[in-house]
Structures are given as C-alpha cells and as structure tokens.
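Structural overview for review
Each chain, written out:
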Amino acid sequence: MNLPFKINEREKKVLVIGGIVVILIIAFNLFSWYSDSRKSLEEFSDAGLFMLQKQLNKIAEKKDIQKRYKAVKQALEKQEKKLLRGNTPPVSAAALQNFLKDTASSLDIDVKLERALNPVDAEFYLAIPVEIGFTASTDELKNLLVRLRKSPFLLSVSELKTRVTNISKPADIYTTLVVTGFIRKTLDKTAGNKEAKNVT
C-alpha cells in the first residue's frame, strides 16, 4: 500500500512498534476484563450455591425436628395409655387398690392393710400412692413385684418395708408396699401435698 507521504525506514519501525504496543494493550485489557468477569461469575455461582445449600439444610433440619417431635409424641401417647383409670384422685386410688388386691389374690396373698395416701404433684400429672400390707413368703413377694412391673399401668414402688413376724417361720414376712400410679392433672384440680400422707 502506497502512503500519501513518504516515511523513512526509522519512522516505519516506530509505527510498527507502536502498532504492536497498541495491540498488546488491547489484548491485556481484554484478558483482564475476561478474568474479572469469570471471577465475578464464579463468586456469584459459589454464593448462590452456598445459599441454596443453606436453605436445603434448614429444610432438612425442620423435617428432622418434625420427625423427632412425632416420635416423642407417639411415645408419650403410648405411656399415657398406662395411666390409672378415673379423672379424680379418689376414683383412681380406688381403682389402684382393687388392682393391687386382685393381683395379690391371684398369688394367694391376703392383703391385711390398704389405704389411699394423698396425691402428689408431678408436673403435668398427679401421683396416686396406695399403701398395702400383707404377709407372704419371699418368693410370693418377688412374684408380686414382678407382676406389678409387668402391669398394664405405669406403676412404681416408692416404699417397701419388711419384718419377720414369726421367728419360728422366718420365711414368712410382713410387708408394706407403697405403690404409686399416675393420672393426668386437669386445670381445675389442685395438686396434692409434696409428701404422701394418710387420707384419714
């Protein structure tokens, strides 16, 4: 290509070098822009993925909490099926007394003493203690305790006292048991004393 003006060899070299420099500057700027854009895109993608993962973890935690809540609720409902019959302490105590007498009678144990004690406040429930006294052999006592542990009600033996009444027959012992069952406490019922005492 013929230029409208004449340039010498030195000027040609300067023009060529200048053109190369301009091309390098443009290439550098393009590369920098590409690198910055790619970095920004990666950071945006990482942040988006992080937020999505965080939200997914929250959903999973919520589902896990709901699952645990359901399991605890089912366990509670299962345990509450073992509460004593009756909505008031006197009715529940009478039902527990009958159950204890019937259970002892099935093992040929004659209950000589039975009395209901004052109910005890147990947070959402009322503990209903009943005391019974009888004479029985050690094997009969053991079998009775096993029966109570396997009973359809949620019972606990809160007190057990034994004494030998006949030295000539040490195998027969007089035993007093305080067996406690539970009922759900209603809003209009006041809790009993903290310590079990005789009703009479």
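Numbers given for residues are sequential positions, taken from 1 along each chain in its written order. Reporting of local features is limited, given that this is a predicted model, to residues whose pLDDT is at least 70; pairs of side-chain atoms are given and counted only at 80 or more, and all residues count toward the totals for whole chains, interfaces and linings. In computing side-chain properties, one takes all heavy atoms of the structure into account and sets aside hydrogens as well as water.

1. Notes on the overall build of the protein chain
Condition: Every helix listed is a DSSP run of H or I at least four residues long, and every strand listed is a run of E at least two residues long, numbered separately from the N terminus. Each residue gets one of three labels from its accessible area relative to the maximum for its type: buried under 20%, exposed over 50%, partly exposed in between, using a 1.4 Å probe on protein chains only. Two residues qualify as a contact provided that any one of their heavy atoms is within 4.5 Å of a heavy atom in the partner residue. In this description, accessible areas are obtained by the Shrake-Rupley approach with a 1.4 Å probe, and a residue is regarded as covered only by the protein chains that are shown.
Within the protein chain one finds three helices and five strands. Of the regular secondary structure in the protein chain, the N- to C-terminal order runs α-α-β-β-β-α-β-β. For the protein chain, the proportion of its 200 residues judged to be buried stands at 23%. Of the contacts made within the protein chain by residues no fewer than 6 positions apart, 68% connect residues no fewer than 24 positions apart. Carbon and sulfur atoms make up 59% of the accessible area of the protein chain, which totals about 15200 Å².

2. Examining helix α3 (residues 138–149)
Rule in force here: Expected helix span is computed as 1.5 Å times (number of residues minus one). The arc refers to the directions leading from the helix axis to the C-beta atoms.
Across its twelve residues, α3 extends 17 Å between first and last C-alpha, which sits within 8% of the 16 Å expected from 1.5 Å per residue. What α3 keeps buried is the set Leu-141, Leu-144 and Leu-148. With its buried residues spanning 60° around the axis, α3 presents them on a single face. Contact partners of the buried residues in α3: α2 (89–105), β3 (125–137), β4 (156–164) and β5 (172–184).

3. Quick word on the nonpolar core
To keep things clear, this is the line we draw: Among buried residues, the Ala, Val, Leu, Ile, Met, Phe, Trp, Tyr and Cys ones that are joined through side-chain atoms within 4.5 Å form a nonpolar core.
Formed by 24 residues in total, the largest nonpolar core has its most connected members in Leu-100, Phe-134, Leu-148 and Leu-155. Elements represented by at least two residues in this core include exactly α2, β3, α3 and β5. Discounting chain neighbours no more than four positions away, the residues touching Phe-134 are Ile-109, Asp-110, Val-111, Lys-112, Leu-141, Leu-144, Ile-173, Tyr-174, Thr-175 and Leu-177.

4. Re the packing of aromatic side chains
Under the convention used in this document: For Phe, Tyr and Trp, rings pair up if their centres lie within 6.5 Å, where Trp contributes its six-membered ring, and each pair is then called stacked (planes under 30 degrees apart), edge-to-face (over 60) or tilted (otherwise).
Within the structure shown, the criterion is met by one aromatic pair. On the numbers, 5.3 Å between centres and 85° between planes, the contact of Phe-99 with Phe-153 is edge-to-face. Taken together, the positions of Phe-99 in helix α2 and Phe-153 in the loop between α3 and β4 put the pair 54 residues apart, joining distant regions of the chain. Among the residues examined, Phe-153 registers a relative accessible area of 15% and is labelled buried.

5. Quick notes on α2
A rise of 1.5 Å per residue sets the reference length of α2, with its 17 residues, at 24 Å; its end C-alpha atoms lie 24 Å apart and thus fit the reference within 8%. Within α2, burial applies to Pro-89, Ser-92, Ala-93, Leu-96, Gln-97, Phe-99, Leu-100, Thr-103 and Ala-104. In a view along the axis of α2, the buried residues occupy a sector of 165°, so they form one face of it. Set apart from the buried face of α2 by more than 90 degrees, the exposed residues are Pro-90 and Asp-102. Its buried side turned inward, α2 meets β1 (111–116), β3, α3 and β5.

6. Section: the packing of α2 against α3
Our working definition: The angle between two axes is taken between their N-to-C directions and runs from 0 to 180 degrees, where each axis is a line fitted to C-alpha atoms and a helix contributes only its stretch in contact. Under this scheme an angle from 65 to 115 degrees is roughly perpendicular, one under 35 degrees roughly parallel, and one over 145 degrees roughly antiparallel; angles in between are oblique. With the far helix as reference, a near helix turned anticlockwise by less than a right angle produces a left-handed crossing, and one turned clockwise produces a right-handed crossing.
Put simply, α2 and α3 touch, their axes get as near as 10 Å, and they point 135° apart. If you check the angle between α2 and α3, you find them oblique. Two packed elements cross with a definite hand, and for α2 against α3 that hand is right-handed. Facing Phe-99, Leu-100, Thr-103 and Ala-104 of α2, the residues of α3 in contact are Leu-144, Arg-147 and Leu-148.

7. Here we look at the pattern of salt bridges
Test applied: The salt bridge criterion pairs a side-chain nitrogen of Lys or Arg with a carboxyl oxygen of Asp or Glu, the two atoms within 4 Å.
The full count for this structure, using the stated rule, is seven salt bridges. A salt bridge links Asp-64 to Arg-68, with the shortest nitrogen-to-oxygen separation between them at 3.2 Å. Here Arg-68 and Asp-64 lie together in helix α1 (residues 9–80), a separation of four residues that amounts to about one turn. Of the residues examined, Asp-64 reaches a relative accessible area of 36% and is grouped as partly exposed.

8. Some thoughts on the confidence of the model for the protein chain
Operational definition: By definition, pLDDT measures how confident the predictor is in each residue, and it falls between 0 and 100.
Within the protein chain, residue pLDDT values average 78, and 66% of them lie at 70 or more. Looking over the protein chain, one finds the lowest element-wise mean pLDDT in α1, namely 69, and the highest in α2, namely 94. Note that residues 189–197 has pLDDT below 50 and, in this model, 19 contacts with residues that lie over four places away or in other chains.

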